[in-house]
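Each chain, letter by letter, is given below.
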Amino acid sequence: MHARADAADTAPNWPDDIFATLQRFDVRQVPYVPDAGHSKLIQRVVSSSTMRGIALTTEEEGVALLAGAWAGGQRGVLLMQSSGVGNCINMLSLIPILRFPFLTLVTMRGEWGEFNPWQVPMGSTTQGVFELSGVKVLRASYAAEVPAVLEAAAAQAYNALTPTAVLLSQRLIGAKVFTK
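Residues numbered from 1 in each chain as written. Predicted model: local features only at pLDDT ≥ 70, side-chain atom pairs only at ≥ 80, totals over all residues. Heavy atoms only, no water.

Draft legend 1. Region of interest: the packing of helix H1 (residues 14–24) against helix H2 (residues 39–46). Between H1 and H2, the shortest axis-to-axis distance is 8 Å and the interhelical angle comes to 40°. With respect to H2, the axis of H1 lies oblique. Read as a crossing pair, H1 and H2 show a hand that is right-handed. Two secondary-structure elements touch here, H1 through Pro15, Asp16, Ile18 and Phe19 and H2 through Lys40, Leu41, Arg44 and Val45. (Axes fitted to C-alpha atoms, helices over the stretch in contact; angles between N-to-C directions. Helix = DSSP H or I, 4+ residues; strand = E, 2+ residues; numbered from the N terminus. Parallel < 35°, antiparallel > 145°, perpendicular 65-115°, else oblique. Left-handed = near helix turned anticlockwise from the far one by under 90°. Contact = heavy atoms within 4.5 Å.)

Structure representation (structure tokens):
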């Protein structure tokens, strides 16, 4: 499976823009569930000397990991796909109780050119799930939007302690297709 080359916006630099913003905000811990949409960013994090990439078995572990990172004096960001947001619903209740900065970057599925019907239900409710859980949502659909959206999201999360999710649209990352 890979991202289609006919995606509306396939500019390759947006993961680098995200990485640069995370560096500016002194993000140290980056829990993630492996995902093709985040693959370039994950590679940058894993090869970084200032960030620690932490592979998860399930997304909700990342919420708890960010709480622990903050308690230990470090900032983090959770990388996941929209299908994993449903796994986090109970854990999102930690954020207002513990008042730690929460930033997550979510690659979307179930929208723009989706082929897999199993991705559509969570993809179409991701924003609502976050909002009902008290997490503010910003969205980037085009590569040119990514730097400003990430800057605003990181400022909200880390400076104003406003839990924030950035949805990276399927139009941005490209619709996935099965290939042989």
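Draft legend 2. Here's a closer look at helix H3 (residues 60–71). End to end, H3 covers 17 Å across twelve residues, agreeing with the expected 16 Å (1.5 Å per residue, within 8%). Of all the positions in H3, only Gly62, Val63, Leu66, Ala67 and Ala69 are classed as buried. Buried residues along H3 cover an arc of 160° about the axis, so they all sit on one side. Close packing links the buried residues of H3 with strand E2 (27–32), strand E4 (75–76), strand E5 (78–81), helix H4 (94–98) and strand E6 (103–107). Just downstream of H3 lies glycine 73, where phi reads positive at about 90°. (Expected span 1.5 Å × (residues − 1). Buried < 20%, exposed > 50% of the residue type's maximum accessible area, 1.4 Å probe, protein only. Arc of directions from axis to C-beta.)

Draft legend 3. Highlighting the pairing of strand E3 (residues 52–55). Here four bridges tie E2 to E3, and the two strands are oriented parallel to one another. Paired with glutamine 29 across the bridge in E3 is arginine 52. The parallel pair E2 and E3 is bridged by H2, and the resulting crossover is right-handed. (Pairing = 2+ DSSP bridges. Right-handed = clockwise from strand over helix to strand, strands pointing away.)

Draft legend 4. Highlighting H2. Every buried residue belonging to H2 is among Leu41, Ile42 and Val45, and all of these are buried. Summarising the axial view, the buried residues of H2 lie within an arc of 100°, below the 170-degree limit, and thus occupy one face. Each element contacted by the buried residues of H2 is listed here: H1, E2, E3, E5 and E6.

Draft legend 5. The arrangement of the pattern of salt bridges in detail. Using the criterion set out here, one finds five salt bridges in the structure. The salt bridge partner of glutamate 151 is arginine 24, with a shortest N-O separation of 2.6 Å. Within this pair, whereas glutamate 151 is found in helix H6 (residues 146–159), its partner arginine 24 is found in helix H1, the two being separated by 127 residues in sequence. We classify glutamate 151 as partly exposed; its relative accessible area is 31%. Each of the salt bridges in this network shares a partner with another, and the network as a whole consists of Asp16, Lys40 and Arg44. (Salt bridge = Lys/Arg side-chain N within 4 Å of Asp/Glu carboxyl O.)

Draft legend 6. Structural detail: the nonpolar core. Judged by nonpolar contacts, the single largest core of 29 residues is most densely connected at Ile18, Val77, Leu103 and Leu105. The leading source of residues in this core is H6, at seven residues. The contacts of leucine 105, once residues within four sequence positions are left out, are Ile18, His38, Leu41, Val77, Leu78, Leu79, Met80, Leu150, Val166 and Leu168. Core analysis: the second largest hydrophobic core is formed by 23 residues, Ile54, Ile95, Phe102 and Ala165 among them. (Core = buried A, V, L, I, M, F, W, Y, C linked by side-chain atoms within 4.5 Å.)

Draft legend 7. The environment of threonine 107, seen in detail. Summarising the element assignment, threonine 107 is placed in strand E6. Sequence-wise, threonine 107 and leucine 168 are 61 residues apart; in three dimensions their C-alpha atoms are separated by 4.8 Å. Within the structure, the side chain of threonine 107 is placed 2.5 Å from the side chain of aspartate 35, a separation counted as a polar contact. (Polar contact = N/O pair within 3.5 Å; in protein donor to acceptor, adjacent residues only side chain to side chain.)

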